[in-house]
Amino acid sequence: MKSDKKQSSAGKNPLLALLLLAPALVIIGKSSTLRTSEWLWQWCSFAHHPAAVTHRLEYVLFVPLGAVAVVFFRLTLGVRLLGPFRSILIAVAFQMTGILLGLLLLVAIIGIIVALRPLLKTLRLPYFARISIMLSTVSLIMILAMLASERWGMKLVENVAYFPIVVICLTAEGFARTLIKEGWGSALWRGSMTALVAALIALASATSGLSRLLTNYPELLLAQVGVIVLIARYFDWRLLEKFNPPMKKRKSARAANATGETDRAESLEEAEEQTQTL
């Protein structure tokens, strides 16, 4: 069995090497001393594109970097989050609204959705109706906040209009589901860690040097995929997993491997949410 695993690992190493070496070769090819420099700068860089275009592309360029951060926190550190996507989506929203205002808005709406969800459950509405009511409620809250900002001259609050409504609803719904399944401790922990990772990604995206680096060298996105594979294969240490609050155990549940059970539960939870959303 061990020899089979080693052979399997060795068989996959060329892919990892390709993911890491191919971007390095492109970067070397952009050196001014090589004949490939002009061609590669023309076809493998956004340096010569208009500023408006590169500004919009920054949101896309930072998605793989956010994925690296999420994988590092979940696998290397072992910190549980509200799924693999929400931190990245919230980080994009933070880039539009600012971290502080975005956090305040997120906390306020999560609180309202958590309070509203049991009421919607009593009405026995189907999932599509419940989530549609949540979307409408979030829209109403944001409209009221904008009207208040216009009335009292709070210009900063006007930025709430840039926070994607669907992102807030997905985060609030994920928090509420975790609260029901795992209790307050786990929901607060996973929610706060998700927001922390999102804030770190947003801070990284605000670094002009890093933004310029990704714009000039978009081939680094391929290297980031390689880093994700590297972390998943060799740095799955879960160093801080013991600090995660324990999951609320069901009476009929049997004792099982904690790490495997947690990962399986999170995967099933994400799959269930995606199925219901479609």
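Teacher, can you tell me more about the overall build of the chain here?
Assigned secondary structure in the chain consists of 11 helices and zero strands. N-terminal to C-terminal, the α/β element order of the chain is α-α-α-α-α-α-α-α-α-α-α. Considering the chain as a whole, with its 278 residues, one finds that 37% of them fall into the buried category. Put simply, 78% of the contacts in the chain that link residues at least 6 apart link residues at least 24 apart. Surface summary for the chain: the accessible area is close to 16300 Å², and the carbon and sulfur share equals 70%.

Honestly, helix α10 (residues 220-234) in this entry has me stumped. Any pointers?
Two residues of an α-helix separated by three or four positions point the same way, owing to the 3.6 residues in each turn. For α10, built from 15 residues, the straight-helix expectation of 21 Å at 1.5 Å per residue is met to within 8% by its first-to-last C-alpha distance of 20 Å. Along α10, the positions that sit buried rather than exposed are L220, A223, Q224, G226 and I231. Each buried residue of α10 lies within a common arc of 160 degrees when the element is viewed along its axis, so the set occupies one face.

Would you take a moment to explain the packing of helix α5 (residues 99-122) against helix α7 (residues 165-182) for this structure?
The description of two packed helices rests on the angle between their axes and on the distance between the axes. Two elements in contact, α5 and α7, have axes separated by 9 Å at closest approach and are oriented at 55 degrees. With respect to their mutual orientation, α5 and α7 come out oblique. In this structure, α5 meets α7 at a crossing whose hand is right-handed. Each of L105, L106, I109, I110, I113, V114 and R117 in α5 lies in contact with α7, whose residues at this interface are I168, T171, A172, E173, F175, A176, R177, L179 and I180. Grouping the constituent residues of the contact of α5 with α7 by class yields 12 nonpolar, one polar and three charged.

Mind showing me how you'd approach the nonpolar core here?
The tendency in soluble globular proteins is for nonpolar side chains to be buried side by side. Ranked by internal contacts, the top residues of the largest apolar core, which has 43 residues, are F94, I109, V138, F163 and I168. Among the elements of the structure, α3 (51-76), α4 (86-97), α5, α6 (127-152), α7 and α8 (184-205) are those that each provide at least two residues to this core. No other element matches α5, which puts nine residues into this core. If we ignore the near neighbours within four places in the chain, the residues touching I168 are L105, L106, I109, V138, M142 and F163.

Where do I start with unusual backbone geometry in this structure?
What is expected of a backbone is that most residues other than glycine have negative phi and most peptide bonds are trans. For R124, which is not glycine, the phi torsion reads 55 degrees and is therefore positive. Mapping R124 onto the fold places it in the loop between α5 and α6.

What exactly am I supposed to notice about the confidence of the model for the chain here?
Low pLDDT means the predicted atomic positions in that stretch should not be read closely. On average, residues of the chain score 84 in pLDDT, and 84% of them are at 70 or above. Confidence, read as mean pLDDT per element, is least for helix α11 (residues 258-277) in the chain (55) and greatest for α8 (96). Per-residue pLDDT stays below 50 along residues 1-8; that stretch engages in zero contacts with residues further than four places along the chain or on separate chains. Of the regions scoring below 50 in pLDDT, residues 251-256 engages in two contacts with residues more than four places distant in sequence or in other chains.

Hey, could you run me through the packing of aromatic side chains in this one?
Given two aromatic rings, their pairing is described by the distance between the two centres and the angle made by the two planes. Counted under the stated rule, the structure contains six aromatic pairs. On the numbers, 6.1 Å between centres and 85 degrees between planes, the contact of F72 with F73 is edge-to-face. Look at F72 and you get partly exposed, because its relative accessible area is 36%. Taking the ring centre of W41 as reference, the NZ or CZ of K30 above it sits at 4.9 Å.

When you look at empty space enclosed by the protein in this model, what are you seeing that I'm missing?
Think of a ball as big as a water molecule: rolled over the atoms, this probe shows where empty space is left. Enumeration over the complete set of coordinates arrives at one cavity of 30 Å³ or more. The computed volume of the largest cavity comes to approximately 40 Å³. Y59, F62, V63, I88, A91, V92, Q95 and I201 are the residues that line the largest cavity. Elements represented by at least two residues in the lining of the largest cavity include exactly α3 and α4. Per-element tally for the lining of the largest cavity: the top contributor is α4, with four residues.

Would you explain the pattern of salt bridges in this entry?
Note that side chains of opposite charge can pair when their charged atoms are close. Taken as a whole and assessed by the stated rule, the structure comprises six salt bridges. A salt bridge links R80 to E182; the shortest N-O distance between them is 2.9 Å. Of this pair, R80 sits in the loop between α3 and α4 while E182 sits in helix α7, and the two are 102 residues apart along the sequence. For R238, the salt bridge goes to D236, with nearest N and O atoms at 2.9 Å. In this structure, a network of salt bridges that share partners links the residues R80, E182 and R190.

Scoring rules and cut-offs
Residues numbered from 1 in each chain as written. Predicted model: local features only at pLDDT ≥ 70, side-chain atom pairs only at ≥ 80, totals over all residues. Heavy atoms only, no water. Helix = DSSP H or I, 4+ residues; strand = E, 2+ residues; numbered from the N terminus. Buried < 20%, exposed > 50% of the residue type's maximum accessible area, 1.4 Å probe, protein only. Contact = heavy atoms within 4.5 Å. Areas by Shrake-Rupley, 256 points an atom, 1.4 Å probe, with all protein chains shown as cover. Expected span 1.5 Å × (residues − 1). Arc of directions from axis to C-beta. Axes fitted to C-alpha atoms, helices over the stretch in contact; angles between N-to-C directions. Parallel < 35°, antiparallel > 145°, perpendicular 65-115°, else oblique. Left-handed = near helix turned anticlockwise from the far one by under 90°. Nonpolar A, V, L, I, M, F, W, Y, C, P; charged D, E, K, R; others polar. Core = buried A, V, L, I, M, F, W, Y, C linked by side-chain atoms within 4.5 Å. pLDDT = per-residue confidence, 0-100. Phe/Tyr/Trp six-rings, centres within 6.5 Å; stacked < 30°, edge-to-face > 60°. Lys NZ or Arg CZ within 6 Å of the ring centre and 35° of its normal. 1 Å grid on protein atoms, 1.4 Å probe; cavity = no way out; pocket = protein on both sides within 12 Å on 5 of 7 lines; lining within 4 Å. Points joined across faces, edges and corners; volume = space filled by probe spheres on them. Salt bridge = Lys/Arg side-chain N within 4 Å of Asp/Glu carboxyl O.

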